[in-house]
Amino acid sequence: MTAVAKPGDLREAARLIRGGELVAFPTETVYGLGADASNPDAVRDIFRAKGRPSDNPLIAHIADVSMWPALARDIDDRALSLADRFWPGPLTIVLPRTDAVPDIVTAGLDTVGVRVPAHPVALALIRESGRALAAPSANRSGKPSPTTAKAVLDDMDGVIPMILDGGPCRVGMESTVLDMSQSTPIVLRPGGVTVEALRAILPDVIVDPSALAPLADGQRAASPGMRHRHYSPSIPLSVVTGLDRVNALRSLYDDALAKGLSPILLLCDESAAKVPPRRCIALGSYNDLERVSSRLFGALRDLDRSGASIAYAESFPAEGAGLALMNRLLRAAGFSVINTD
Ligand code: TXA
Ligand code: MG
């Protein structure tokens, strides 16, 4: 049995972490599945519990910058400025690792991703346990990241001893993974901190091309996580792009229905107002892509429960908060795109 505990049970959670057990905990982005980052056996259990490929490195979560030098080397002025501006918050900074970081945390890479989460429960768990927490998103590998304790329970019931319930995650989208270990800073995974915001401190920052495109056969993934199937609902999903997409979504829906399928649409509020009586999930206003992002993972899980047999999603502009949103949506759709232009 997995206990869903209130933050008051922090002491017990910290005791579990120190004893080498796994605890799921809330962050501002998504729920994490945490283990003592200095304990290789505990970290191995994370991979087992998630069914995660062993070549995909984990992020180390710390309570403040004072814990950083134990894990990462070459923390220069630019890295410190980033930490100063964006921590606590949804930015993971990748730098060369120290010898103190077990191989299994970084999947054998010589770099380590570190962040300070902006959630009081996550920070309290790190402090109370006195450990950096290695933590991926607390979903089964391949599933959408969990943004509520209930979503964690759906994937992890009976597999881990405890989930700390801190309510729904505010950002709802994972952290931006920024590689600072090479001469040009590069965003490996777009996320809660936009590229535009990073540019204020890093004018030369670039975005890995895999942000919006599938990897070609044999192409090396800068971030190993980009290689694997991700965020997948259990029914087929396509993303519909182009100016005339709302009309296209209506006809795709009607065609699917005529074929005896049970379709459903994923849309912004404005488009959702144009499709009744068709079934849809509205994600928030087109003018508030942060809100749309924060609801995406919950909506992908709702698709699984909807009883629908095929889904079509509207596409969004891939800039600002929209870049991370489109990165996740395209991956959830396995890059199945229908262009109406
Ligand atoms: O917001 C988040 O980042 C959440 C919360 C729990 O902090 N965590 C999360 O972890 O999304 P995960 O494991 O689901 O995704 C981590 C991503 C993966 O794509 C992984 O490949 C990449 O970060 N990553 C981690 N360490 C890396 C490294 N040293 N070099 C390159 N990529 C790295
Ligand atoms: Mg994940």
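Above this text is the structure in question.
A. Here's a closer look at the overall build of the chain. Counting its secondary structure elements, the chain contains ten helices and 16 strands. Taken against the 2.2 N^0.38 rule, which gives 20 Å for 341 residues, the C-alpha radius of gyration of the chain at 20 Å falls within 12% of a compact globule. Dimensions along the principal axes, computed over C-alpha positions, put the chain at roughly 60 × 50 × 35 Å. Looking at the chain as a whole, 56% of its 341 residues qualify as buried. Across the chain, the fraction of contacts at a sequence separation of at least 24, relative to all contacts at a separation of at least 6, is 69%. Carbon and sulfur atoms make up 50% of the accessible area of the chain, which totals about 13,900 Å².

B. Region of the structure containing the sheet that holds strand 10 (residues 186-189). Strand order in this open sheet of eleven strands is 1-8-2-3-7-4-6-5-9-10-11, and the pairing throughout is mixed. Both outer strands of the open sheet, strand 1 (3-5) and strand 11 (206-207), are each paired with one neighbouring strand and no more. Pairing between strand 9 (residues 176-179) and strand 10: three bridges, direction antiparallel. Opposite Leu178, over in strand 10, you have Val187 as the bridge partner. Its contacts with the sheet put helix 2 (residues 40-50) on strand 3 (32-36) and strand 7 (133-135), and the angle it makes with strand 3 is roughly 155°. Contacts from helix 3 (residues 77-86) reach strand 5 (91-96) and strand 9, with the element oriented near 160° to strand 5.

C. Fine view of helix 1 (residues 10-18). Turning to helix 1, its buried residues are Leu10, Ala13, Ala14, Leu16 and Ile17. The arc that holds every buried residue of helix 1, seen down its axis, measures 155°, which confines them to one face. Among the structural elements, strand 2 (23-25), strand 3, helix 4 (120-129), strand 7 and strand 8 (162-164) are those in contact with the buried residues of helix 1. Looking at the residues trailing helix 1, positive phi occurs at Gly20, about 85°.

D. Inspection of the state of the cysteines at higher detail. What the rule picks out here adds up to zero disulfides. Here Cys280 is not cross-linked by a disulfide; its sulfur's nearest cysteine counterpart is in Cys268, at 9.9 Å.

E. The arrangement of the site of ligand 1 in detail. In the vicinity of ligand 1, 26 residues are found, and the nearest of them are Thr29, Arg52, Asn56, His61 and Ser175. Ser137 is positioned with one of its side-chain polar atoms (N or O) 2.9 Å from an oxygen atom of ligand 1. Separating an oxygen atom of ligand 1 from a side-chain N or O atom of Ser175 is a distance of 2.5 Å. Expressed as a share of its isolated accessible area of 670 Å², the protein-covered part of ligand 1 is 97%. Of all the secondary structure elements, the ones that give two or more residues to the shell around ligand 1 are strand 4 (59-61), strand 6 (111-115) and strand 10.

F. Spatial organisation of the nonpolar core. Counting 67 residues, the largest nonpolar core has Trp68, Leu125 and Leu164 as the members making the most contacts within it. Val292, Phe297, Leu300 and Phe316 belong to the second largest nonpolar core, which has 31 residues in total.

Rules used throughout
- Residues numbered from 1 in each chain as written.
- Chains lettered and ligands numbered in written order.
- Predicted model: local features only at pLDDT ≥ 70, side-chain atom pairs only at ≥ 80, totals over all residues.
- Heavy atoms only, no water.
- Helix = DSSP H or I, 4+ residues; strand = E, 2+ residues; numbered from the N terminus.
- Rg over C-alpha atoms; globule rule 2.2 N^0.38 Å.
- Buried < 20%, exposed > 50% of the residue type's maximum accessible area, 1.4 Å probe, protein only.
- Contact = heavy atoms within 4.5 Å.
- Areas by Shrake-Rupley, 256 points an atom, 1.4 Å probe, with all protein chains shown as cover.
- Pairing = 2+ DSSP bridges.
- Axes fitted to C-alpha atoms, helices over the stretch in contact; angles between N-to-C directions.
- Arc of directions from axis to C-beta.
- Disulfide = S-S within 2.5 Å.
- Near = heavy atom within 4 Å.
- Polar contact = N/O pair within 3.5 Å; in protein donor to acceptor, adjacent residues only side chain to side chain.
- Core = buried A, V, L, I, M, F, W, Y, C linked by side-chain atoms within 4.5 Å.

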